[in-house]
Each structure stands twice: as C-alpha cells, then as structure tokens.
Amino acid sequence: MKHAALGEWLLQHRRSLLFLLALLVLGGAFTALRLPVALFPQITFPRIVVSADSGNMPIAETQTALTLPLEQALRGVPGVEKIRATTSRGAAEISVQFAWGAPMNEALLQAEAAINQTLPKLPPDTTYHAQRMDPTVFPVLGISLTSKGLDPVALRHWAYYSLRPRLLALKGVAGVDVQGGEQREYQVVVDPMRLQAYGLNPSDVERALAEGNVITAVGRLQRHYRLYQILSESPVRSRQAIAAIILKSGPNGVVNIGDVARVEANTVPQWTTVTANGKNAVLLNIRQQMGGNTVAIDRALRAALASPDLHVPAGVQIHTWYDQSQLITAAAGSVRDAILIGAVLAALVLLAFLRNLRLTFIVAITLPAVLLASVLMLYVFHMSFNIMTLGGMAAAVGLIIDDAVVMLEHLMHRFSEAGRPLPILPTALELARPLAGSSAATIVIFTPLAFLSGVSGAFFQALAIAIASALVVSFLVAFIAVPLLAELLLRQRDAEAVEHEGRFQKSLGRWYRRGIGALLRRPLLLLPTVGTLLVLSLLAYSQVGSGFMPEMDEGGFVLDYTAPPGTSLAETDRLLNQVQDILARTPEVASYSRRTGLQLGGGLTEANTGDFFIRLKEHRQRDIWQIMASLRQEIHDRVPGLRVETGQLMEDLIGDLTAVPQPVEIKLFGSDPAVLERTAPRVAKAIARVPGVTEIFDGVTVVGDGVDIRIDPVRAAIQGMSPGQITGQLQVLMDGKIASRIPLPEETIGIRLRGPHALWQRIHDLGRLPILAPDGHYFQLRDVADIRVAPGQAELRSENLKPMVAVTARIEGRSLGSTMADVKGVVRGLSLPAGVQVVYGGLYAEQQRAMQQLALVLLAAILLVALLLLFLYERFSVVLAILATDLLALGATFIGLWLTGIERNLTAMIGMTMIVGIVTETAIFYFAELRNDRPEELIRAGQVRLRPVLMTALIAILALLPLALGIGAGAQMQAPLAVAIIAGLVFEIPLVLLVMPAMYALLTKAFGKRTSA
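Calculation rules
Residues numbered from 1 in each chain as written. Predicted model: local features only at pLDDT ≥ 70, side-chain atom pairs only at ≥ 80, totals over all residues. Heavy atoms only, no water. Helix = DSSP H or I, 4+ residues; strand = E, 2+ residues; numbered from the N terminus. Contact = heavy atoms within 4.5 Å. Buried < 20%, exposed > 50% of the residue type's maximum accessible area, 1.4 Å probe, protein only. Pairing = 2+ DSSP bridges. Patch = residues over 30% accessible without salt bridge, like charges linked within 9 Å, V, L, I, M, F, W, Y side chains within 5 Å. Areas by Shrake-Rupley, 256 points an atom, 1.4 Å probe, with all protein chains shown as cover. Salt bridge = Lys/Arg side-chain N within 4 Å of Asp/Glu carboxyl O. Lys, Arg positive; Asp, Glu negative; His and termini not counted. Charge placed at Lys NZ, Arg CZ, Asp CG, Glu CD. Domains from an automatic or database assignment. Expected span 1.5 Å × (residues − 1). Core = buried A, V, L, I, M, F, W, Y, C linked by side-chain atoms within 4.5 Å. Axes fitted to C-alpha atoms, helices over the stretch in contact; angles between N-to-C directions. Parallel < 35°, antiparallel > 145°, perpendicular 65-115°, else oblique. Left-handed = near helix turned anticlockwise from the far one by under 90°. Nonpolar A, V, L, I, M, F, W, Y, C, P; charged D, E, K, R; others polar. pLDDT = per-residue confidence, 0-100. Phe/Tyr/Trp six-rings, centres within 6.5 Å; stacked < 30°, edge-to-face > 60°. Lys NZ or Arg CZ within 6 Å of the ring centre and 35° of its normal. Bend = angle between axes of the 7 residues up to and from the residue.

A.B. asks: Even after reading the chapter, I still don't get the side chain of Glu 929, so can you show me in this structure?
C.D. replies: Tracing the chain through its elements places Glu 929 in helix α30 (residues 906–929). The residues touching Glu 929, leaving out its near neighbours within four places in the chain, are His 413, Arg 414, Glu 937, Arg 940, Ala 941, Val 944 and Arg 945.

A.B. asks: Just checking my understanding: could you explain the pairing of strand β1 (residues 47–53) for this structure?
C.D. replies: Residues in a regular strand project their side chains so that they alternate between the two faces of the sheet. Buried residues dominate β1, accounting for five of its seven residues. In this sheet, strand β3 (residues 91–98) lies alongside β1 in antiparallel orientation, the contact comprising seven bridges. Within β3, the position partnered with Val 49 by the bridge is Ser 95. Sheet topology places β1 next to strand β4 (residues 127–132); six bridges connect them, and they run antiparallel. Within β4, the residue paired with Asp 53 across the bridge is Thr 127.

A.B. asks: So what exactly am I meant to see when it comes to a positive patch on the surface here?
C.D. replies: Taken together, the side chains of Lys 506, Arg 510, Arg 513 and Arg 514 present a region of like positive charge at the surface. Note that Lys 506 resides in helix α19 (residues 503–521).

A.B. asks: I keep staring at the domain arrangement of the chain and nothing clicks. Help me out?
C.D. replies: Reports of interface size often rely on the accessible area that becomes lost once the parts have come together. For the chain, the assigned domains read domain 1 (1–34 + 355–500), domain 2 (44–133), domain 3 (201–259 + 706–790), domain 4 (504–543 + 875–1012) and domain 5 (556–704 + 795–840). Computed over C-alpha atoms only, the centres of domain 3 and domain 4 are separated by 84 Å.

A.B. asks: How should I be thinking about helix α28 (residues 842–873) in this particular structure?
C.D. replies: Along an α-helix, a turn takes 3.6 residues, which lines up residues three or four apart on a common side. With 32 residues, α28 extends 47 Å between its outermost C-alpha atoms, agreeing within 8% with the 46 Å of an ideal straight helix rising 1.5 Å per residue. Glu 874, located one to two residues past α28, shows a positive phi value of around 55°.

A.B. asks: Can you walk me through the nonpolar core in this structure?
C.D. replies: Soluble globular proteins: nonpolar side chains tend toward being buried together. Membership of the largest hydrophobic core comes to 215 residues, with the highest contact counts inside it found for Phe 40, Ile 401, Phe 446, Phe 459, Ile 666, Ile 687 and Val 823. Looking at this core, the element that brings in the most residues is helix α17 (residues 454–489), giving 23 residues. Among all residues touching Ile 401, those that are not within four sequence positions of it are Ala 346, Leu 350, Val 363, Leu 367 and Ile 955.

A.B. asks: I keep staring at the packing of helix α24 (residues 673–687) against helix α27 (residues 816–828) and nothing clicks. Help me out?
C.D. replies: Relative placement of two packed helices is described by the angle separating their axes and the distance separating the axes. In contact at an axis separation of 9 Å, α24 and α27 are set at 130° when each is read in the N-to-C sense. Judged by the inter-axis angle, α24 sits oblique to α27. The chirality of how α24 crosses α27 is right-handed. Of α27, the residues touching α24 (which contributes Val 683, Ala 686 and Ile 687) are Val 823, Val 826 and Val 827. Class assignment for the residues of the contact of α24 with α27 results in six nonpolar, no polar and no charged.

A.B. asks: Explain the pattern of salt bridges here, please?
C.D. replies: Oppositely charged side chains can pair when the atoms bearing their charge come close. This structure, assessed with the given rule, holds 35 salt bridges. Notably, a salt bridge pairs Arg 594 with Asp 573, separated by 3.0 Å at the nearest N-O pair. Taken together, the residues span a long stretch of sequence, with Arg 594 in strand β18 (residues 589–596) and Asp 573 in helix α21 (residues 569–585) at a distance of 21 residues. Each member of the pair, Arg 594 as well as Asp 573, is classed as buried. With a closest N to O distance of 3.6 Å, Arg 940 and Glu 929 form a salt bridge. With Arg 940 in helix α31 (residues 935–964) and Glu 929 in helix α30, this pair connects stretches of sequence that are eleven residues apart. Glu 929 matches Arg 940 in its accessibility class, with the two residues each being buried. Connected via shared salt-bridge partners are Arg 84, Glu 665, Lys 667 and Glu 799.

A.B. asks: Where do I start with a nonpolar patch on the surface in this structure?
C.D. replies: A surface patch of nonpolar side chains, about 360 Å² in accessible area, is lined by Val 218, Leu 221, Tyr 228 and Ile 230. Within the fold, Val 218 resides in strand β8 (residues 214–223). In this structure Val 218 comes out as exposed when scored by relative accessible area, which is 56%.

A.B. asks: For this particular structure, what's the right way to read the pairing of strand β13 (residues 273–276)?
C.D. replies: Both faces of β13 are covered, namely the face carrying Thr 273 and Thr 275 and the face carrying Val 274 and Ala 276. Here β13 runs beside β18; their pairing, made up of four bridges, is antiparallel. Its bridge partner being in β18, Val 274 is matched across the sheet by Arg 595. Sheet topology places β13 next to strand β14 (residues 279–280); two bridges connect them, and they run antiparallel. Pairing of Thr 275 across the sheet is with Asn 280, part of β14. Linking β13 to β14, which pair antiparallel, is a turn of two residues; within it Asn 277 sits at a positive phi near 55°.

A.B. asks: Any chance you could explain the confidence of the model for the chain here in plain terms?
C.D. replies: As a note on interpretation, predicted positions should not be read in detail where pLDDT is low. On average, residues of the chain score 84 in pLDDT, and 94% of them reach the 70 mark or higher. Between residues 1009–1013, whose pLDDT stays under 50, and residues either more than four places distant or in other chains, the model counts zero contacts.

A.B. asks: Please explain the packing of helix α3 (residues 59–75) against helix α4 (residues 104–118) as it appears in this structure.
C.D. replies: At a minimum axis separation of 9 Å, α3 and α4 run at an interaxial angle of 135°. The pairing of α3 with α4 is recorded here as oblique in orientation. The crossing of α3 and α4 is right-handed. Here Pro 69, Leu 70, Ala 73 and Leu 74 of α3 come into contact with α4, specifically with Ala 111, Ala 114, Ile 115 and Thr 118.

A.B. asks: Explain the sheet that holds β18 here, please?
C.D. replies: As a general point, the strands of a sheet are linked pairwise by backbone hydrogen bonds and lie either parallel or antiparallel. Taken in spatial order, the six strands line up as β14-β13-β18-β19-β17-β20 in an open sheet, and their pairing is antiparallel. Looking at which strands have only one partner, the edges of the open sheet turn out to be β14 and β20 (643–648). Examined bridge by bridge, strand β17 (residues 556–562) and strand β19 (residues 609–616) share seven bridges and lie antiparallel to one another. In the sheet register, Val 558 faces β19, and the bridge partner there is Phe 613. Strands β13, β17, β18 and β19 of the sheet are contacted by α21, whose axis makes an angle of about 170° with β18. Contacting β17, β19 and β20, helix α22 (residues 624–638) runs over the sheet at an angle of about 170° to β20.

A.B. asks: Would you mind going over the packing of aromatic side chains with me for this structure?
C.D. replies: Here a ring pair, both rings aromatic, is described through the centre-centre distance and the interplanar angle of the planes. Applying the stated criterion across every chain, the model contains twelve aromatic pairs. Judged by centre distance (5.7 Å) and plane angle (5°), the rings of Phe 475 and Phe 479 are stacked. Within this pair, Phe 475 and its partner Phe 479 are both found in helix α17, separated by four residues, close to a single helical turn. Three or more aromatic residues joined by ring pairs form one cluster here, namely Tyr 873, Tyr 926, Phe 927 and Tyr 1000. A cation over an aromatic ring shows up here: Lys 824 above the ring of Tyr 840, its NZ or CZ 5.4 Å from the ring centre.

A.B. asks: It is not clear to me how α17 should be interpreted in this structure. Could you clarify?
C.D. replies: Its 36 residues give α17 an end-to-end C-alpha distance of 49 Å, which sits within 8% of 52 Å, the value for a rise of 1.5 Å per residue. The largest bend along α17 measures about 40° and falls at Ala 478. Extensive coverage of α17 is indicated by the burial of 29 of its 36 residues.

A.B. asks: What's the story with the environment of Glu 409 in this structure? I'm lost.
C.D. replies: Within the fold, Glu 409 resides in helix α14 (residues 397–418). Judged by relative accessible area, which is 7%, Glu 409 ranks as buried.

A.B. asks: Just to check I follow, could you spell out the sheet that holds strand β12 (residues 261–267) for this structure?
C.D. replies: Strands sit in the order β12-β7-β26-β25 across an open sheet of four strands; the sheet is mixed. Looking at the sheet topology across the chains shown, the edges are occupied by β12 and β25 (737–743). Each adjacent strand pair in this sheet contributes to an overall mean axis angle of 25°, direction not counted. Of the pairings in the sheet, the one linking β25 to strand β26 (residues 748–754) comprises six bridges and is antiparallel in character. Residue pairing in the sheet places Ser 740 in a bridge with Ile 751 of β26. Helix-sheet contacts for helix α7 (residues 202–211) involve β7 (184–190), β25 and β26, and the interaxial angle to β25 is about 15°.

A.B. asks: Explain the environment of Ala 114 here, please?
C.D. replies: Tracing the chain through its elements places Ala 114 in helix α4. Residue Ala 114 is classed as buried on the basis of its relative accessible area of 11%. On a C-alpha basis, the gap between Ala 114 and Gly 76 in space is 7.9 Å, while along the polypeptide they are 38 residues apart. Each residue touching Ala 114, except ones within four places of it in the same chain, is listed here: Ala 73 and Val 77.

A.B. asks: Whenever I open this one, the environment of Thr 86 confuses me. Can you help?
C.D. replies: For Thr 86, the location among the structural elements is in strand β2 (residues 80–88). Judged by its relative accessible area of 15%, Thr 86 falls in the buried class. Counting along the chain gives 465 residues from Thr 86 to Glu 551, while the straight-line C-alpha distance between them is 30 Å.

Dropping the structure here:
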C-alpha cells in the first residue's frame, strides 16, 4: 500500500519532478561555465616563512644575535608545531609550521606581533618580511621580454611602468613580479684626495646631496576663502644640477660637488642575471589570487598583450616561458576525454546486452544529467574544476550508469515475470531500500576521508566530495527520473525483448548453475579457491612498491643549480652559458628562462645559485623523466663543478609550500654543528651506493670566502675616529650609499655616493683605502685595521632550536618505500659519532603519515559498511559474507597493481577504499533478490543478478579504462585509482556470484547450529 501511494504521488507530480531535475541540470551547466578552473584543489598550507636581514655579520654571530631570538619568539606563537631555520651571513630564513586547518591569517598576525616585540633586541637596522606560504606565492603564468633595440634600463622601465599595471588590473591577478633588467641611478664618484684638499669628507657630500635636493611642504595659508599649501623646493633633475650643488662657500668662492666628484648616469649595482633562451631578458611572473581562475587569467592576459592600446616598443619580443593553464586544460581535456570515451563504451555494452535503443537512450541521458547536476553541488561546496574533482567525476561514471542500469533491469525483470504491464512507479519503489542501501554503502566510505590531514587530505577530500556528490545525485535520478522516463518511453514488448536470453546468455547461465551448484553441494571447494586468491594477494602485496603521489608529465621542469662556493657572478655565467648550449641542442626543449642570484620560489640565495625553468615541446619522443635524467648526466659530464637538481614545477611548489622538498631527507641532529658538517658527507657518500638514489646533496651549504676588516679601536682613536665612523666611510667608498632621490612622474631615481672602483678592485688594495679624519688629515685603512681573507663558512640549520643538517636526494626508477628501506639499512651500518641522532623526513615521512591515516580510513570505511549492513539486514551471516567478499576483492586490487607495475600510492589507496563500497553495493542487490536461504533460491538469485553484475562491472571497467591507461596529465594522476578499481571489479564478478553465496550458506548453517544449541 505504501509503495502504491508513493507511486501514485510520483505519477501525479511527474512533470514537476522532471522539471525540477531539468532545472538542476541547467543550473549545473550554467555553473560549469563559471566555476573556477585550477590545477589542484584550493589548499590552505599551514606554513609561514620569515626572512630577516641585519647586514653582513659572520654566520655564528648571526645565529646568536638574530636567528635564535627569532626562533624563541616564534616558538611562543599559539599552534606552532615545528620551526626550521637557516642562517647565513647576516640573514636568516625561518619556516614556521602549524597544524593543518589552523587559521593562518590569525597565525600570521600573531607571528608578526611576536617578531615586533623581539625587534628592539635584535641588531640595529634589522629588517624582516613574514608571509604565508600558499599557491599565490608562485606564478601561474610567466612571460619574458627581450629586445635588440631597447637597453636593459628602458626594457625594465616599460615592463614595470607600462605592462605591469595592465596585468595587475586583470581579474584574479594577485601580483606581478618583475625580475631582470636594470634600473637607472646617478652616481657621485668622489675623489678622496680632492675632498682632503678642500678640507671636506664624504659625510659633507652626503649632507649636501640630501639638503640640496628638497621638495617639502612647510605650511598652509588661508587667504580670501582659499587654502594654499606652501612648498619649499630646490629640486635637481640632471647630472649638471647635481654637480652644481654647493658643498662649501667662503671668501675664496664656492666648492660644488663637481669640484670633488664625477657625476655619472649609471645603473643600480646588482648581483643577479636573468635570461630567456640565452638572451638577457626581463621576466614577469603573474601570481593568482586564492580561488582565481587560471584559464580565465590566461585568456585575459593574451587579450591584453594583443590589444592595440598596449603600444609595445619596436623590437620588443614577448614570449611565454611558463603557462600553468596549458597543463590545466590538458589535464582537464584528458579527464574529459576519459569520461566521453568511457560513456561511449558503456553505451555500446548496454546496447549489446539489452539490445534496446530506448533503454540505452534513458541511460545515455542519465549520465550527462547526473554529472551536470553534480557540478552544482561542487559550487555549493566552494570547489573548483581541478585535476581531483574532474578525476572523481570520471571515476564515478561507471557507478552512475550502474544505478540506472540496476533500476531498468529490475523493471524489465518484474515485467517479464508478470507477463503483463505493471504500474512502473510502484514497481520501481520495490527497489528503494536496496538502491538506497547500495548508494549509502559507496558514499559512506568517503566519510572518514574528512579526517585526513596534510596535502593528501586536502587533495582527496576534493576527490571524495566530487564522487560523493555524483553518487547522491545519481541515486536521486535513478530513484525518480529513471522510473518516470521509463513510464514515458518503455512498453511491455521492450521488457520481453530484453529478458529474452540469447545463445551466449543461456550458455553462461548453464555454466553458472553448474559452478554455484558444485560450491553449494561441496563447500570445502571454497578453501582452494579462497586460499589461492589470498596467496596471490599476499604475494602481490609483497611485490608492489609504495609511493606518495602519482607522477604526471607537466610539460616542463625546474633545474636548480649551484656553482662551487664563492664563485663570482661572471664565472657562474660562464658555466651556465655551457648549460644553455646543452639546452639549445636538446630537441625536446621549446624554451627556457634562467635566474642567477634569484630563485623562482624565493629563499636565501647567493650569486652562485639559481634555477632554470625549462618548457618542453608538446609532441616529443621522450617523456619528461628521460629528458631530466639525460640533461643531468650531460651537465655532469660537460660542466664539472656545477651541482644540479631537477624537478617538475608543481612537485617543487608543493614541496616548497610544505617545507618537504625532497623524497629522501636524512636529518642529522646533534649539539655540535661542526660534527654534523663532518658526518653529513659520509652519509651522502654511503647512500650513493643505493640503486635509484640520485641528485644527492649532503646538506652543507658553504658561503663563499670573505674579507674581514678588523678595526682596532685604539689605533682608530689615535687618528681621531671611531670604528663606526671608519665603517661608514668604507661603506660609502665601496658599496656606496643612497644620499637622495630625484622624483619623476613614474619613478624616483637614486643618487648614490661612492668611491672610485679603482681604489679597491684587488684585495691587497684595500689596505691603501684613504680614510679622511674629521680634522682634515687622511690615513690608510691598514693604519687602523687588520685585513685578512676569511674562508667560506657553512650555513647553519636547525629544527625546533636543535642544530641539524639534512642530507637529501631524489629517487629515480624505484618506489619510495623500497628505496627508503635500503637507505635505512645503509645508514644503520654507519658508525656515527656519539650524540648524532638520525630522523627521516622529506616526502617519505609525509608518505608514512598519510599511509597510516589512509589505513585507518580504510578500516573505518569497513566498519561503517558493516554497521550499514547490520542496519539493513540485522543478520550477522549476511554481514560477514559481504565483508569477507569485500576483503577478498580488496586483496585482489594488489594483484592488479602488481601486474601493471603501479605503486601502492595514495591514489591507489583511495581506489582500494572505493572497491569496498562497490562490492558491497553489488552484494546488496544480490541479497535484495534473495527470498530465503535455500540452495535453489541462492542459485535463482544469482541467475537473476548474473547479467546485471556482468553488465555493470564491464561498463565500469570500460568507463575507467581511459583513466587506467594514463593518457594525458589528468589521467596519469588518476591511473592508480582506476587500476585498483578495475582489478577489484574483475574479481568482484566471481566473488559476488560464486564465493559469497557459498560463504553465506556456510555461515547460515553455522549460525543456525549455534542458535539451536
């Protein structure tokens, strides 16, 4: 009665219900055009980086005066889990790690407050910068400007003041960073001897430059109802005006700057080089706002560059050196193609099994309707189209079709049994309980994923939301829309035609009856069957390596390089020109950009370090891993002394954002940094023997040699000066000092006061540097100071205030788990100094933590499925039979991974979790067909479910096949998930139809005996 009443209600409101579903589909289609498009889900990384600078102090003093106080202050910020610091000469970089899910805006404010409280205790003139580490720190687009006609100053000026503002105005752009080129400035090159002749010193020139270039508001005046601002102006605008500034006047006339100095139009000194494709260039790095649409930004950028209003100077060439939107569209396209190919293959299978166009049409329109309506749910959850959500929708294709097929199969079977037309809606409602239970079984397994943390949690929660959304919509469509469409389109003869068995189906039915009959008569036959599967599963488990995230070809990679410590910028350029020659001859390289003294992701850098970003051609014979390995080897052979590391940009980005940059990280802790620095090379040399370990770095970064000038206060006092006064003159003579600035309409130009470079071009010339005393006499620097060359010092690193050196490496051609097992064995065999503690970090530590969490997720999913089954059936025999089948199918996924050579990584673990729900869903429909526990009924239920199980499994396998083949970047990411599910589905067919009924029969007898006892 209840089904009839509900069926009547659905029939009365069928038009409004179908219209509602149509509105949801249209809403999804509308939302799909506006949903943000990104490569990965939006993730809030719980990390803050603090960069502090206090001038050029020795590393040991910097550690004591700068790094340690900052570490102690930041340690007190609420929620801090780990602090990692690097100390160089006068500079420190501190990484502060919080718990996942921490409110990072508040954390940043609290960190800045802690630093500000400590700032008065730090060395004078200390500056710092604190920033959250999130994807907006890294560019999503990069363009290069080169020109034969414009000089570096004019090229950078146009890039910064003409092009940059236009790009900043684009919707979704957070910032545009300009690297390379040169900035102009005026330089006043003083002659110390002339200064002495006129009784002047550098501080007099500095003061004159500041006071002779003035634009200052001095007051306001009200007169006749108007308010006037009063300005005092004495601006300079040219070299001649600077040279004319008066230094001194008296009865003998005036002395101006031109009398004691040479005024030059020059450029700001810099110790960096930026090139693109081997030419000096200006690079613009476009960063995206959180939640921005990368593809839309790319389109807007190209439109802005093509605009006739831009007025690109003649001879300026604009090229793209990095475009994340290409990877996004390629990844989205590969997943989209996987969905379309899977849907077409599924439709062909339906047509082959059902031999009815009407039924195939109903299923064919169900799939896009569910996917579009699911997009609306993604919008509700503030998700974007990314590699994980699209992959989740692709993985759900088979399950969506499964729901529709099960409903149609049920209707056709009931019509055929009755031999007459039946009211469709009440008949469909008979399946409500098993359909709801089966959908819940698949959805409930994703609930524990909400408790995953870390990068894996952020990634796979997006995947879970996409799949769960599709399954919820699929249930509603199968429960409401499919019966209503069947009411409109199907006829009795359709049911009779569908239920008519062909020769193949009859033969299959006979084989099935014989097989299940034998198992039910002789249950002991289960032992060799199940035992063989268990042995194969355990063997496969032992052979399958473990990994972290699946690898995918991004179409470009970063090549980090480090020249020997102390290498000059000119020598580093010479070495890198050889690398550029190698890149130019590599046929797969489309373009590249280079930074020296800078890095794409920021951080402490020297003139001997930097990186390339290498963009590859779309169509090439070698994959990205072969190209990286080949380039590393060629650079090693042809450019000795240059240490290089390679990694794809998104891999590097995630590593930088999580402070886990390398797969292998062996952290050595101890109380004495010197002991750690001696031990680290031994560890690096030892792990070099492990197969698959490459790009090994011992973690000891030596800053280049320095020249120490130790001023003797007593000798300085004899000359009438303090060490501070002498140091001030040295700074002016050597590095120079900005004494004033000239304001122009778009920029301000600095006026730098410095000495002639000829005075200090060689180290032994430093002792002869002239110092002018306040009383007018001069003396040489060596009269008051000792000068010596200081050997290079190693940067100091610490973690949670403990001295630490991290030996790092990448892995090539092996799984992470097996390689780390060998690495641990090698390290255990070393005789390390007393007090040195070894801790393994890097991606391996992240993988171990994520795998433990996913194992708990899998266990929780199984327990939740058990609870659901107990709620549905209230019989332990049913629950245990289904769970045993789930576990056997779970073990079978390892066989699939083993045969395909895929690692047991996080994506594969999600597929293994999903197979528990999928097998449970199929088992629920079997028990829905079962009327009692007699053997003949077990055989009849299996026969009824034989075709649907075969059909839905085959459809799901074919729908996932494009993903499993890993065609395209997006599919590569989801391939382990697809392979795990396909392997489970292949074994699901015999397990559900043969093994499960036999186990259920045994359990029924066992529980029955216990009950009677």
